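What follows is each chain in one-letter form.
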Amino acid sequence: MTVAQVKAISGTNLFRRLFLTQKKGKHCRSLQHRCLPTNEEGRGRERYHAGTVTTCTMQRQLPILICGGGIAGTTLAYWLRRGGKSSVIVERAPTPRSCGQNIDLRGSGREIISMMGLEDRVRKATTTEDGTAIIDQKGRHWGSFPMQTKEKGGSISAELEILRSDLASILYDATKDDTEFIFGDSVEAIREKEDRIEVQFQSGTHREFSLVVGADGIGSKTRALAFGDEATEAYHPLGLYQAYFSIPNLDTGRWARWLHAPLGRSLLVRPNGKGGTTVLINWRRDHATIERHLRSSGAKEEIARGFEDIEWDIMPQLMDGMMISEDFYGAEVAQIKLNSWSRGRVALVGDAGYCPSSVSAMGTSCAITGAYFLAGELCRHGCYVTAFREYESSLRKYVGDAQKLMPSETALQNPQWMVGILLIRVFATIISYLNLQKYCVPDDRPEDMKLGRYETKNKPKTQRSYGDSTSRLQRAKLHFRLQNEFRN
Ligand SMILES: Cc1cc2nc3c(=O)[nH]c(=O)nc-3n(C[C@H](O)[C@H](O)[C@H](O)COP(=O)(O)OP(=O)(O)OC[C@H]3O[C@@H](n4cnc5c(N)ncnc54)[C@H](O)[C@@H]3O)c2cc1C
């Protein structure tokens, strides 16, 4: 049903809707929905949907479909399972997509990973970065920012810096035993029924689910299917193009080094924790140019040409490494901003619903935190409308803060002229000398998020998730903490 149709029907039934609101139900965020009172078992919950009363409960025998088996998708499946709900993940890639480079785990994202019992595995897989230094073409350090710790607070290098590929594998391992995965397929069409949602897959198969959750990243097809034109309007490009790749046999040390060059260019070179280097290239371009580059197969050549004037001693190795890299990944930096994260029986989580962009360094933490809250609310409420509303109200502020960028932040980070670069270097020197970095870098405070509020029913099948290397005492402590958290 289109938004226009819903609006028309809503108008003709305005009187009845107002009556329902006042006499019986709580007001739900979405215009189409009206929650009615429930009995204790969650039965009798209904929603008033475009003129007909349909149930808003989730069919117990039908699983929830999660589109996308990335960070948000696997975390959501994990916590749904812990709360007693089954889910199916459909992932477009033919196998678990364990690729991607340095990502940060901060604040509540880090706490949730710890509540999943995965912190040890994540710590073992960190990239062993000591910190980040702003350098010039001669390799001189201008400002040096040691890694963030809980005590010292925020830094450019988070306490848990891990390759996306490693985190994706750890989360897949923690989920795969109790969740059905469908690889190499995706959702083609969705049709809402009275008490369920019918899904047509690209492979031609049809299946029914109680709900659909889009966890399919910034370019989410689920968003497009459920939100129509609003999905396109939600995409806000930030005028920056990024390319990631790794060079397995090049060791550039344990410090991340960030070199700025005129014309809005910069290079960030970091250890990958495996004796190699990951490279991030930033390039400020207008939207049309970025689009053209990303779609062309000559993106590597274009970058090599655009960066050939930079005289840094490791530049030839970086460019040669890029040309033969197999994990080259180019992306436009953008944010997703929607007025609501759900439409009917479809909700969005992670980058699909509220990507804060890589510039914020909060994308992965937002995805993990969002998945945790969505799962918790779906397991707590029999009515999905209430669950979606609670999920959104718990997370709106957190996501809003994560999406807050300085005006023209991408331009300030990648200046056009040498004078801007000099300002960055002087500023970095002062911040580093006066040790003010914690005031300049985002980090949420997990205590504000009231984590551990949800009751869980199932233990994960994968006992490894309690930590391979933890001692019995550590495991007992962790178990005790989890029990307490879930009771609260
Ligand atoms: C291959 C890859 C590499 C990345 N590398 C980096 C990086 O180096 N640094 C960084 O900061 N961020 C990177 N990101 C983004 C980062 O993972 C996310 O910003 C963040 O972790 C939020 O996670 P998410 O689960 O919401 O989205 P993602 O991690 O983007 O996961 C989305 C998942 O959905 C799948 N998918 C997409 N479309 C469909 C569809 N139609 N049907 C089914 N499945 C679909 C994708 O294959 C992917 O597995 C990368 C993402 C991907 C997919």
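Residues numbered from 1 in each chain as written. Predicted model: local features only at pLDDT ≥ 70, side-chain atom pairs only at ≥ 80, totals over all residues.

Re the confidence of the model for the chain
Test applied: As a per-residue measure, pLDDT tells how confident the predictor is, with possible values from 0 to 100. Throughout, a residue-residue contact means that the two C-beta atoms, derived from backbone geometry, are no farther apart than 7 Å.
For the chain, the mean per-residue pLDDT works out to 80, and 76% of the residues sit at or above 70. A low-confidence stretch, residues 1-53 stays under pLDDT 50, and its non-local contacts, those more than four residues away or across chains, total 77 contacts. Segment residues 463-488 is flagged for pLDDT under 50; beyond a separation of four residues in sequence, or across chains, it makes 28 contacts in the model.

Some points on the site of the ligand
What counts, and what does not: In this text, near has one meaning. A residue is near a molecule or strand if its C-beta atom, placed using the backbone, is within 6 Å of it. Going along the chain from the N terminus, every DSSP run of H or I of four or more residues is numbered as a helix, and every run of E of two or more is numbered as a strand. Put simply, Ala, Val, Leu, Ile, Met, Phe, Trp, Tyr, Cys and Pro go in the nonpolar bin, Asp, Glu, Lys and Arg in the charged bin, and everything else, Gly too, in the polar bin.
In the region of the ligand, 31 residues are neighbours, and G68, G70, G100, G217 and G350 sit closest. Secondary-structure elements contributing two or more residues to the shell around the ligand are helix 3 (71-82), strand 6 (87-91), helix 12 (351-354) and helix 13 (363-380). The residue makeup of the shell around the ligand, split by class, is twelve nonpolar, twelve polar and seven charged.

Let's talk about the sheet that holds strand 13 (residues 197-201)
Going by this rule: Strands are labelled as partners when DSSP assigns at least two bridges between them. Axis lines are fitted through C-alpha atoms, for helices just across the contact stretch, and the angle between N-to-C directions can take any value from 0 to 180 degrees.
Taken in spatial order, the three strands make up an open sheet running 12-13-14, and their pairing is antiparallel. Either end of the sheet is taken by a strand with one partner, and the two such strands are strand 12 (187-192) and strand 14 (206-209). Within this sheet the neighbouring strands show an average axis-to-axis angle of 25 degrees, counted without direction. Sheet analysis places strand 12 next to strand 13, joined by five bridges and oriented antiparallel. Bridged to E192 within strand 13 is I197.

Considerations on unusual backbone geometry
Trans peptide bonds make up the majority, and among non-glycine residues the majority have a negative phi. Rules: Comment: burial labels come from other C-beta atoms within 10 Å of the residue's own C-beta, placed from the backbone, where a count of 20 or more is buried, 12 or fewer is exposed, and between is partly exposed.
With phi around 85 degrees, S357 is a residue other than glycine that occupies positive phi space. Given 26 C-beta atoms within 10 Å, S357 falls into the buried group. Notably, A361 is not glycine yet its phi reads approximately 60 degrees, a positive angle. When you line up the elements, A361 lands in the loop between helix 12 and helix 13. On the basis of neighbour counts, which here come to 23 C-beta atoms within 10 Å, the residue A361 falls in the buried class.

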